[in-house]
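Close look at the chain arrangement
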Amino acid sequence: MMDYIQIFNAAPDVEASAPGRVNLLGEHTDYNDGFVLPTAIPQHTTVAIGRSPNDRHHFYSANLEEQVDIGPSESTPTGFARYVDGCIRVLEQSGHKIPPLNIFVNSSVPIGSGLSSSAALEVATLRGLRSLLNLNLDDVKIAQLGQQAEIQYAGVSCGILDQMASSLADTEHMLFLDTRTLDRKILPFPEGAEIVVIDSGVARSLASSGYNQRRAECEEAARQFGVKALRDVSNPQVTDSLPDPIRKRARHVITENNRVLKVLDGISAETFGELMNASHASLRDDYEVSVPALDQLVDILQNTPGVFGARLTGAGFGGACVALVRLGEGKTIAQKGLTQYNQLGHKGLILVG
Ligand code: GLA
């Protein structure tokens, strides 16, 4: 694998990194001003940054073995470079002067598994730029700029979950976040439990069109209720007055927010697991963002001894599942579950466990 020096013939000035995330509860709630509960995963993205010797930016991805060069007034690139370039552009929009740069990217966060590889790249890039240029940005501002880069330059109308998780979460705790106020609490995992993450091997398809459509449906439901966002509704029964599919979409968001809030009571691993199972059923039946392979993997995990609960994680339409399991048994449970899942003809992959 190439390194910065081999590509750019000089040593970098700074290095920075940021992790991927897995969301334990609170899916598709962030763009409804709701509650989320992510944790960081060990996989992370690293950037090395130095000044460019000419007037162009040079971005290199070690994973893709691809270099992209961009001059001062050239349009936004595609692929990995649009996230890096997007971060530079949002900083420029907020008044910072960014010199031409060499940026070397290397990542262990799988792409397309719903574990926020793009947020990890954005947060790592922004952290690197903060330290290279001594920018006065706190970790929340970094998350907000990353989200702006994603919306403006990657075309996904995402919420703030991924970037806040990458910027503020660690692998030892859960991060409870109110996405409206950005109030947050660092919580311990339920006692006697750890997490397992398995990629279904099914690439996400229709993710951005399906995502943007769900978001529009939620906004329509909020409009019909006369509230700013679905976060302002807590009784799922009121959705009965809405036409389908808006009724189901709203019901998912309202019940999901309620599930996240229950965690603040300091619940047991068993209760937490039940909430995860209910979250999966809601994502599958009401929000309709699961696919058959994810349902099979979740089903296998839910029926494996030692598992408290399991669900799809991330936007859905493919990607990974997360399970809460008995402490110390993650490795065995993940192996068992994966073997069973692969026997159905899939190519899953253990990411945590
Ligand atoms: C994607 C988005 C997040 C969030 C999740 C679903 O990861 O980027 O903002 O909406 O989907 O919970």
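Residues numbered from 1 in each chain as written. Predicted model: local features only at pLDDT ≥ 70, side-chain atom pairs only at ≥ 80, totals over all residues. Heavy atoms only, no water.

**Let's talk about the sheet that holds strand 9 (residues 307-312)**
The sheet built from four strands is open, its strands ordered 9-10-8-11 with antiparallel pairing. A strand with exactly one partner marks an edge of an open sheet, and here the two such strands are strand 9 and strand 11 (349-352). Across this sheet, the average inter-strand angle for adjacent strands is 25°, counted without regard to direction. Examined bridge by bridge, strand 8 (residues 193-199) and strand 10 (residues 320-326) share seven bridges and lie antiparallel to one another. Within the sheet, the bridge partner assigned to E194 lies in strand 10 and is V325. Contacts between helix 8 (residues 269-285) and the sheet are confined to strand 8, strand 9 and strand 10, with strand 9 contributing the most and set at about 25° to the helix. (Pairing = 2+ DSSP bridges. Helix = DSSP H or I, 4+ residues; strand = E, 2+ residues; numbered from the N terminus. Axes fitted to C-alpha atoms, helices over the stretch in contact; angles between N-to-C directions. Contact = heavy atoms within 4.5 Å.)

**Some points on helix 3 (residues 117-133)**
When the terminal C-alpha atoms of helix 3 are compared, their 24 Å separation across 17 residues agrees well with the 24 Å that a helix rising 1.5 Å per residue should span. Across the 17 residues that make up helix 3, a large majority, 16, are buried. Positive backbone phi, approximately 55°, marks N134, located one or two places after helix 3. (Expected span 1.5 Å × (residues − 1). Buried < 20%, exposed > 50% of the residue type's maximum accessible area, 1.4 Å probe, protein only.)

**Comments concerning unusual backbone geometry**
A cis amide bond, omega 5°, links D244 with the succeeding residue P245. You can see P245 is positioned in the loop between helix 6 (207-225) and helix 7 (246-263). Despite not being glycine, S116 has its phi angle at roughly 65°, a positive value. If you trace the backbone, S116 turns up in the loop between strand 5 (101-107) and helix 3. The class of S116 is buried, set by a relative accessible area of 7%. With a phi close to 50°, E288 is a non-glycine residue in the positive phi region.

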